[in-house]
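Chain residues, written in single-letter form:
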Amino acid sequence: MTRFPSLLLVLIAVSISVSSGCTSVPDPDYLPIVPRPVTVELKAGAYQFSGDSGFWVQDAELLSTAELFSGEFSTPTGWAFDVSDEKGDIELALNSELGPEAYTLDVDANGVRIMGGDAAGAFYGLQSLRQMLPPHIDAPVLAEGVEWSVPFSHINDAPRFSYRGLHLDVGRNFFDVDFVKSYIDTMARYKFNRFHWHLTEDQGWRIEIDSYPLLTEVGAWRKETVVEKNLDPYIGDGIPHGGFYTKDQVRDVIAYAAQRHVMIIPEIEMPGHAGAALAAYPELGCLPGPYEVKTTWGIQSDIFCPSETTFSFLTTVLDEVAELFPGPYIHIGGDEVPKEQWEQSFVAQEVIRREGLADEHELQSWFIRRIEKHLNSRNKNLIGWDEILEGGLAPNATVMSWRGTEGGIAAAREGNNVIMTPTNYSYFDFYQGDPETEPLAMNWAKRIITLDTVYTFEPIPDVLTADEQKYIIGAQANLWTEYISTPEYVEYMVWPRATALSEVVWSPKSHRDRDDFYLRLGGNLPHLEHLGINYRIPERLDPLYDQSASGETM
Ligand code: ACM
C-alpha cells in the first residue's frame, strides 16, 4: 500500500497549491470546514480558549454531546473543559426554529455560542468548531505550545439530505469493535448520520443470534481465503479467517454510534449471499448440502430456499435483530440472486404454483414482500438493493440504487424512498488512482473512482419531477471488502473520498466548487493526520505528484 507523507508534507502541498498562482487563491481567512456550511461569515479577531474554558449546557438533552467533546478537547489541551449548566464559554442550546440537524455557530469576544435545531444540530455545530481549531485538537496526546483560538465568525448550517451514509462490509473481512467504533467516529466528524453495517455474507456471518447458535459457531469462520484474484486455478491462503459480534458488543456499538448521532442500519442478506448461513443450517437451502462458508468472491448460486423452514428462520433472526437495533430500518439485501437453484427446486416451484407467480423473479418479489410484511409488523421499515424492484416492489420498501441510478429513478416514480449509491460514484472498493501504483482493488469495467469523481456525484437525477425528487432521501458510499483486509486499508479507501461525499450529501448543491473544496480539504486533512487515520493524499495536494504530467489543470 502507498505510504503516506507526513502532516508536514500536506501543509507544504497546501502552500504550493496556494502559491502556484492558479485558480485556488485562498481567502487568507477561510475556514477548513468539510462539508462546506451553508453560510460562513468571518469577522476580525479570534477567541482564545484557556484553562478556565468549559461547556455551558442549557438543555439536558445536550449533556452527553458536551461530555463527549469535553473529553476529546481535554487530552490535547491539558484543560478540563468542565461541563456546567450555569456558566462556560462554549454555550450550547436548542432553538426549535432551526430545522432537524441544523445549527448556528457564533464566535465573538464572549466565546462560542452554538444553537442546535435538535441535539444532532448542536453536535454538528461542535464538529464545525473542532475543524476551526488548530488540527492538534485531534491529537491523542497533550499538544504543547498550541494557541487554542477560533476566528470570530457566524455560521448558519443545515444538511441537504436526511440520509448521509457510509457502509462497511464486515462479512468478507471481519473488523473488530474498536475499529468499527473508530469508523463511526470519523464519519460523524464529517456529519454522516447513517452507518450501514453489512453483517452477513457468503464468506461469514457476523452477528450472534441466540436462537441459531451455529450461525456464529460455524458460519462466522471460513477455512481460508482465495489469494487475490486466483480463482482459476484456485489458490487459497490456508489461513482460517473469522469473527463475530456478541449481542453485548452490538449494543455497545449502537450506544457509541447514538452518542455521535449515527443510526445503524443492520443488513441481513436474503435470499442470496447466504452461504455462511447455509453452512450452519443446510436445511435452509434448496440442495441437500453440505455447504461450506465460502472462500472465494463473486456471485454464489447457493441461496435460501423459499420454504416455511426458511421463513421461520429468517423471521426469528429478524426479530432478534429488530430487538437489538433501535432504528426504524433493517436492510435485507436482495441483490445478486442467481435463480438456478429455485428453477430446479420442487419446493420453490411449488410456491410459484401455489401463489400463482409468473416466474422466479416474481418469487423473489413475493419473498421480499413477505419479509417486509413481517418487518412492518415489528415497526421496522425494509431497505433493499435495487434488485427488489424486479418482479414488483414491496409497498413500503426503501430502495438502495447501486446499479446506477435507474433503479432509484423507477422507485421514486413509484413513490418509494430511495438512497442513491451508484457504483460509478460511490463504490469505494474501486481503484481511486492508477492500478499500477495502487493497492489491489475492484476494477469492474476498469472503472476508477477518484476523489474528483465522487465530488461530481449528484444524487438527484434531473429526469425526476420536483415531486418525485422528494423520494431521494440521500446517498451512501459502500465499502465491500474482498481485497480490504486491514483497518489501515479500509481507511485508505474511504478517506478522503468520503469527505467529497460528505459535501455532496450535506452542502447546498449550489456550493459545489472543486477548487474551494481542495482548499478547505488541504487545511482539514491534518485533523485526520492527528487522528491517525491512514488517508490517501490526493494528487492535487501532493507535492511529490507531477501535476503537469497528469494533464490536470488547477
Ligand atoms: C452490491 O454491490 N451487490 C449491492
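Further up the page is the structure itself.
Residues numbered from 1 in each chain as written. Predicted model: local features only at pLDDT ≥ 70, side-chain atom pairs only at ≥ 80, totals over all residues. Heavy atoms only, no water.

Draft legend 1. Structural detail: the overall build of the protein. Helix and strand content of the protein: 19 helices and 21 strands. Seen through its principal axes, the protein has C-alpha atoms that stretch 75 × 55 × 50 Å. Taken across its 554 residues, the protein has 59% of its residues classed as buried. Intrachain contacts of the protein at a sequence separation of at least 6 include 72% that bridge at least 24 residues. Summed over all atoms, the accessible surface of the protein reaches about 21100 Å², with 51% contributed by carbon and sulfur. (Helix = DSSP H or I, 4+ residues; strand = E, 2+ residues; numbered from the N terminus. Buried < 20%, exposed > 50% of the residue type's maximum accessible area, 1.4 Å probe, protein only. Contact = heavy atoms within 4.5 Å. Areas by Shrake-Rupley, 256 points an atom, 1.4 Å probe, with all protein chains shown as cover.)

Draft legend 2. Expanded view of the environment of Gly532. With respect to the helices, strands and loops of the structure, Gly532 is situated in the loop between α18 (514-531) and α19 (547-550). Of the residues examined, Gly532 reaches a relative accessible area of 53% and is grouped as exposed. With 471 residues separating them along the chain, Gly532 and Glu61 place their C-alpha atoms 31 Å apart.

Draft legend 3. Main features of the packing of aromatic side chains. On inspection of all chains with the given rule, the structure shows 34 aromatic pairs. An aromatic cluster is present here, built from Tyr47, Phe49, Phe55, Phe69, Phe73, Trp79, Phe81, Phe123, Tyr124 and Trp506 joined pairwise through their rings. Lying over the aromatic face of Tyr256, Arg260 brings its terminal NZ or CZ to 3.6 Å of the ring centre. Here the basic side chain of Arg540 rests over the ring of Tyr518, its NZ or CZ set 4.2 Å away from the ring centre. (Phe/Tyr/Trp six-rings, centres within 6.5 Å; stacked < 30°, edge-to-face > 60°. Lys NZ or Arg CZ within 6 Å of the ring centre and 35° of its normal.)

Draft legend 4. Looking closely at the state of the cysteines. Applying the stated criterion to the full structure yields 1 disulfide. Between Cys286 and Cys305 runs a disulfide, and the two sulfur atoms are separated by 2.1 Å. Between Cys286 and Cys305, the S-S torsion sits near 95°, and that sign places the bridge as right-handed. Of the two residues, Cys286 sits in the loop between α7 (275-280) and α8 (308-324) while Cys305 sits in the loop between α7 and α8, which places them 19 residues apart along the sequence. There is no split in this pair, since Cys286 and Cys305 are both buried. (Disulfide = S-S within 2.5 Å.)

Draft legend 5. Examining the pattern of salt bridges more closely. All told, the structure shown has 34 salt bridges when counted by the stated rule. Through salt bridges with shared partners, one network takes in Glu72, Arg130, Asp138, Asp185, Arg189 and Arg260. (Salt bridge = Lys/Arg side-chain N within 4 Å of Asp/Glu carboxyl O.)

Draft legend 6. Here's a closer look at the sheet that holds strand β2 (residues 54-57). Spatially, the 7 strands line up as an open sheet ordered β1-β7-β5-β6-β4-β2-β3, and their pairing is mixed. On the outer flanks of this sheet lie β1 (39-48) and β3 (82-84), each paired with one strand and no other. Ignoring which end each strand starts from, the neighbouring axes of this sheet average 20° apart. Note that strand β5 (residues 103-108) and strand β6 (residues 111-116) share 6 bridges and pair antiparallel. Across the sheet, Val107 pairs through a bridge with Val112, a residue of β6. Packed on one face of the sheet, helix α3 (residues 119-132) meets β2, β4 (90-94), β5, β6 and β7 (149-157) and runs near 40° to β5. (Pairing = 2+ DSSP bridges. Axes fitted to C-alpha atoms, helices over the stretch in contact; angles between N-to-C directions.)

Draft legend 7. The environment of Ile460, seen in detail. Along the polypeptide, Ile460 turns up in the loop between α14 (451-455) and α15 (466-469). Remark: the alpha-carbon pair of Ile460 and Met115, spanning 345 residues in sequence, is separated by 30 Å. Beyond its immediate stretch of four places on either side in the chain, Ile460 contacts Arg160, Phe161, Gln469 and Ile472.

Draft legend 8. Highlighting the packing of α8 against helix α11 (residues 360-377). Interhelical geometry of α8 versus α11 gives an angle of 40° and a closest axis separation of 11 Å. Judged by the angle between their axes, α8 and α11 are oblique. The handedness of the crossing between α8 and α11 comes out as right-handed. Counted together, Glu308, Thr310, Phe311, Leu314, Thr315, Leu318 and Asp319 of α8 and Trp366, Phe367, Arg370, Ile371, His374 and Leu375 of α11 form the full contact between these two elements. When grouped by side-chain class, the residues that make up the contact of α8 with α11 number 7 nonpolar, 3 polar and 3 charged. (Parallel < 35°, antiparallel > 145°, perpendicular 65-115°, else oblique. Left-handed = near helix turned anticlockwise from the far one by under 90°. Nonpolar A, V, L, I, M, F, W, Y, C, P; charged D, E, K, R; others polar.)

Draft legend 9. Fine view of the nonpolar core. Membership of the largest hydrophobic core comes to 169 residues, with the highest contact counts inside it found for Trp197 and Phe313. If near-sequence neighbours (up to four positions away) are discounted, Phe313 is found in contact with Trp205, Tyr212, Leu215, Ala277, Tyr281, Leu284 and Phe304. (Core = buried A, V, L, I, M, F, W, Y, C linked by side-chain atoms within 4.5 Å.)

Draft legend 10. Layout of α18. Over its 18 residues, α18 extends 25 Å from the first C-alpha to the last, a length consistent with the 26 Å expected when each residue adds 1.5 Å. Within α18, the axis deviates most sharply at Gly522, by approximately 35°, and proline Pro526 lies no more than four positions further along. For α18, the buried fraction is high: 13 of the 18 residues fall into the buried class. Two or three places before Asp515, at the start of α18, stands the capping residue Asp513, its side-chain oxygen 3.1 Å from that residue's backbone nitrogen. (Expected span 1.5 Å × (residues − 1). Bend = angle between axes of the 7 residues up to and from the residue. Polar contact = N/O pair within 3.5 Å; in protein donor to acceptor, adjacent residues only side chain to side chain.)

Draft legend 11. Unusual backbone geometry, seen in detail. Geometrically, the link from Asp232 to Pro233 is a cis peptide bond, its omega value of 0° lying close to zero. Mapped onto the elements, Pro233 comes out in the loop between β13 (226-231) and β14 (234-236). Of the consecutive residues Trp495 and Pro496, the connecting peptide bond is found in the cis state with omega at 10°. With respect to the secondary-structure elements, Pro496 resides in the loop between α16 (487-494) and α17 (497-506). One non-glycine residue, Glu336, lies in the positive phi region at around 50°. Secondary-structure assignment places Glu336 in the loop between β17 (329-333) and α9 (340-343). In this structure Glu336 comes out as buried when scored by relative accessible area, which is 18%. Even without being a glycine, Ala445 presents a positive backbone phi close to 55°. As for its placement among the helices and strands, Ala445 is situated in the loop between α13 (423-426) and α14. In this structure Ala445 comes out as exposed when scored by relative accessible area, which is 69%.

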